[in-house]
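Below are the chains, spelled out letter by letter.
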Amino acid sequence: MAKYLLRAIALLYLLFLLILPVGLIVWQTFGDGLQNVIDALTSEEAIHAFQVTLQVAIWAVVLNTVFGVGVALLLTRTNFPGKRLLNALIDLPLAVSPVVVGLALILAYGRYSTVGGWLENAGIQVIFSIPGMVLATVFVSLPLVVRAIVPVLEEMGDDQEQAARTLGAGGWQTFRRITLPGIRSALGYGIVLCLARALGEYGAVAVVSGKVVGETQTLTLFVEERYLNYEVPAAFAAATVLALLAVGSLLLTTLLRPKDGN
Amino acid sequence: MAIEVRGVSKSFGRTPVLKDVSVDIVSGSLTALLGPSGGGKSTLLRVIAGLEVPDAGNVLISGVDATRLSPQRRNVGFVFQHYAAFKHLSVRRNVAFGLEIRKRPKAEIRARVDELLQLVHLEQFADRYPAQLSGGQRQRMALARALAVEPQVLLLDEPFGALDAQVRKELRTWLRRLHDEVHVTTVFVTHDQEEAMDVADEIVVLADGEVKQAGRPQDLYDNPASPFVMSFLGPVTELGGRLVRPHDIDVTAESVEGSTAAVVNRVVHLGFEVRVELTAGDRDVWAQITRGAAGRLGLQPGDTVHLRPVPAAKSLAAADA
């Protein structure tokens, strides 16, 4: 009896927390027919928001992948003073609120800061433009790739890499032929997580982008703007797309997850 | 000389692991680095391979100073205790790895890999993955992989350490035969004196980061330079303040010149050999005698017998008097 009660409670909880809100969004989106959805998603602003989101997300994923693999190798394959500090710093973005991240970036790279002013003179605008949004997204998704592959690198050990070295492989050959195949699944998992986070990021991007419609508006910002302007169908349509992207990445992660190490 | 190690020192942090070690390894020999765990033998092997950089000293391979060469330029084969199999590659690709890196023609690689797989008896496992092999098969694959690049020296770090006793003995014999076929200068690390005596032409005893003695197994056994080497290479017991091999002790019923009286505590029959545990004065001592000798003496616990080293016995003053 208690067993069924527990199940019922768990299901009810999920129903009110997850299924009802997400289901209603989908319902609302397609409630007025498919044409409305297509119209809402093919408006000039919507398409632009898509492009901006994609651009920012891809940059963030590429940077975090390169940086993530590098730092993970540094943390697992070398010893240096300050390693524990670096290890702790990697997790900082998880603890700091995205809004704080955004404000900090404005302080550091805004027009009136030293670095920002210098970059501005060189013709690069960081804040209220794409570079700043990429920075913000990279910042909030920084730990995802690193944390996905560090345990796998640790478990793998460096025996295989040393064996490759004694067989005549150089550093890059060893990485490409031995290390990379060993962490492939974990790296894929980290990249998808990072992509999902980058696509859905709101807080930090909202602060540094300036929310300029048709310029620095990402999909999440588009949803917010349309909703506040009472263009509910467009907001719901874009929200559904974001939700579907999230579900898609989640499916990908489950496909990628249980592989390395056998 | 295939390998000359000259005055090599190495510390990890503040712990010295190798202290001014010099070793010569003859071309074509099969040499064992023997010693207790933590004695520095694995570190010395890794220094030869270039996987560790010594703090001082030089390593010459085939007469060339290799001290500053990275491992990929030394042309050594290295076999790890835990196989270090490339998990994502088939057995064939594992063995081919070094040749692929050297960009040899495909046909040549194929022929060479086939030949090696035959040598290590893994022909029918060529398309399997390491996870589908037993420990012994994986280690043979690792050996074939190391041999594929025709290394100047083959280095094995406790190659049979992770295998069970039966497989270990098989592989040991097999390694000896392989060496007789391939003739590559081979150095292997072991903490098992029986393994070293069984397989090696030369044994280097390493302990506390120092070479305690080097030489042919028989010489080391018969003429150990120190009580440590004597007790590490075989059983010893103490008789009259000297270390003696238990099989070098004569047990007689009557007192003879130079003998010591002892009381039998226990007689253990181990097939052909009989181990007699006794007390001489206040010291425990044991002797290893044949079944026939034990039968003639009719040893019973409580009997008093007389012990003395056989005339040709090697003995050393015991370290703790």
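This is a predicted model, so every value here is computed, not measured. (Residues numbered from 1 in each chain as written. Chains lettered and ligands numbered in written order. Predicted model: local features only at pLDDT ≥ 70, side-chain atom pairs only at ≥ 80, totals over all residues. Heavy atoms only, no water.)

**Some thoughts on the interface of chain A and chain B**
Accessible area lost upon the coming together of the parts is a frequently used measure of interface size.
Inference 1: On the chain B side, the residues contacting the 15 residues of chain A number 22 residues.
Inference 2: On the surface where chain A and chain B come into contact, there are one salt bridge.
Inference 3: Our count for the chain A to chain B interface comes out at six residue pairs in polar contact (both at pLDDT 80 or more).
Inference 4: When its residues are assigned to classes, the side of chain A that touches chain B shows six nonpolar, six polar and three charged. (Contact = heavy atoms within 4.5 Å. Salt bridge = Lys/Arg side-chain N within 4 Å of Asp/Glu carboxyl O. Polar contact = N/O pair within 3.5 Å; in protein donor to acceptor, adjacent residues only side chain to side chain. Nonpolar A, V, L, I, M, F, W, Y, C, P; charged D, E, K, R; others polar.)

**Let's talk about the pairing of strand S17 (residues 304–309) of chain B**
Remark: a regular strand shows side chains that alternate across the two faces of the sheet.
Residues and elements named next belong to chain B.
Inference 1: Examined bridge by bridge, strand S13 (residues 249–252) and S17 share four bridges and lie antiparallel to one another. In the sheet register, Val-251 faces S17, and the bridge partner there is Leu-307.
Inference 2: In this sheet, S17 lies alongside strand S14 (residues 260–270) in antiparallel orientation, the contact comprising four bridges. For Ala-262, the partnering residue across the bridge sits in S17 and is Val-305. (Pairing = 2+ DSSP bridges. Helix = DSSP H or I, 4+ residues; strand = E, 2+ residues; numbered from the N terminus.)

**Concerning the sheet that holds strand S12 (residues 242–244) of chain B**
All names here are of chain B.
Inference 1: Taken together, three strands build an open sheet; the order of strands is S11-S12-S18 and the sheet is antiparallel. Since the sheet does not close on itself, it has two edges, and those belong to strand S11 (237–239) and strand S18 (315–317), each with one partner. On average, each strand axis in the sheet is tilted by 40° relative to the strand beside it, whichever way the strands run. (Axes fitted to C-alpha atoms, helices over the stretch in contact; angles between N-to-C directions.)

**Focus: the nonpolar core**
Inference 1: Counting 57 residues, the largest nonpolar core has Ile-149 of chain A together with Ile-3, Leu-44, Phe-86, Phe-97 and Leu-155 of chain B as its most contacted members.
Inference 2: Here this core takes eight residues from helix H9 (residues 142–156) of chain A, the largest share from any one element.
Inference 3: If near-sequence neighbours (up to four positions away) are discounted, Ile-3 of chain B is found in contact with Val-23, Asp-24, Ile-25, Ile-48, Leu-60, Val-153, Leu-155 and Val-187 of chain B.
Inference 4: Ala-32, Ile-109, Leu-175 and Ala-200 of chain B belong to the second-largest nonpolar core, a separate cluster that totals 46 residues. (Core = buried A, V, L, I, M, F, W, Y, C linked by side-chain atoms within 4.5 Å. Buried < 20%, exposed > 50% of the residue type's maximum accessible area, 1.4 Å probe, protein only.)

**Section: the packing of helix H4 (residues 135–148) of chain B against helix H5 (residues 165–182) of chain B**
Axis angle and axis distance: for two packed helices, these are the angle between their axes and the distance between the axes, and together they describe the pair.
Residue and element names in this part refer to chain B.
Inference 1: Closest axis-to-axis distance for the H4/H5 pair is 11 Å, and the angle between their directions is 20°. Between H4 and H5, the interaxial angle falls into the category roughly parallel. Taken as a pair, H4 and H5 cross one another with a handedness that is right-handed. In this structure, H4 uses Gly-136, Gln-139, Arg-140, Leu-143 and Leu-147 to contact H5, whose residues at the interface are Val-167, Leu-171, Trp-174, Leu-175, Leu-178 and Val-182.
Inference 2: Of the residues in the contact of H4 with H5, the class split is eight nonpolar, two polar and one charged. (Parallel < 35°, antiparallel > 145°, perpendicular 65-115°, else oblique. Left-handed = near helix turned anticlockwise from the far one by under 90°.)

**Some points on the pairing of S14 of chain B**
All names here are of chain B.
Inference 1: Direction of pairing for S14 relative to strand S15 (residues 273–280): antiparallel, over a ladder of seven bridges. Paired with Leu-270 across the strands is Glu-273, a residue of S15.
Inference 2: Between S14 and S15, which pair antiparallel one after the other, the connecting turn spans two residues, and Gly-271 there sits at a positive phi close to 70°.

**Digging into the packing of aromatic side chains**
Inference 1: What the rule picks out here adds up to four aromatic pairs over all chains.
Inference 2: Both rings, one in Phe-78 of chain B and one in Phe-80 of chain B, keep their centres 4.7 Å apart while their planes meet at 50°; by these two values the pair is tilted. Exposure class is identical for Phe-78 of chain B and Phe-80 of chain B. Each is buried.
Inference 3: For the pair Phe-86 of chain B and Phe-97 of chain B, a centre-to-centre distance of 4.7 Å together with 55° between the ring planes defines the contact as tilted. Note that Phe-86 of chain B is positioned in the loop between strand S6 (76–79) and helix H2 (91–101) and Phe-97 of chain B in helix H2, a separation of 11 residues in sequence. For the pair Phe-86 of chain B and Phe-97 of chain B, a shared accessibility class is recorded, and that class is buried.
Inference 4: Above the face of the Phe-97 of chain B ring, Arg-177 of chain A is positioned so that its terminal group lies 5.9 Å from the ring centre. (Phe/Tyr/Trp six-rings, centres within 6.5 Å; stacked < 30°, edge-to-face > 60°. Lys NZ or Arg CZ within 6 Å of the ring centre and 35° of its normal.)

**Quick notes on helix H3 (residues 106–119) of chain B**
All names here are of chain B.
Inference 1: The terminal C-alpha atoms of H3, which comprises 14 residues, lie 20 Å apart, in line with the 20 Å expected from a rise of 1.5 Å per residue.
Inference 2: Here H3 has its buried residues at Ile-109, Arg-112, Val-113, Leu-116 and Leu-117. Projected onto a plane normal to the axis of H3, the buried residues spread over an arc of 135° and lie on a single side.
Inference 3: Structurally, H3 contributes buried residues whose contacts are with H2 and H4.
Inference 4: His-121 sits one or two positions beyond H3 and adopts a positive phi of about 55°. (Expected span 1.5 Å × (residues − 1). Arc of directions from axis to C-beta.)

**Here's the deal with the environment of Leu-14 of chain A**
All names here are of chain A.
Inference 1: Inspection of the secondary structure assignment puts Leu-14 in helix H1 (residues 2–31).
Inference 2: A relative accessible area of 37% places Leu-14 in the partly exposed class.
Inference 3: Along the sequence, Leu-14 and Leu-75 sit 61 residues apart, while their C-alpha atoms lie 39 Å from each other.

**Some thoughts on the environment of Thr-76 of chain A**
All names here are of chain A.
Inference 1: Residue placement: Thr-76 occurs in helix H3 (residues 44–77).
Inference 2: Thr-76 gets classed as buried once you look at its relative accessible area, which sits at 18%.
Inference 3: Thr-76 sits 123 residues away from Leu-199 along the chain, and the two C-alpha atoms are 29 Å apart.
Inference 4: Once residues within four sequence positions are removed from consideration, Thr-76 is found in contact with Val-150, Leu-153 and Glu-154.
Inference 5: Looking at Thr-76, its side chain comes within polar contact range of the main-chain oxygen of Ala-72, at 2.7 Å.

Any functional reading would require information that these geometric values do not contain.
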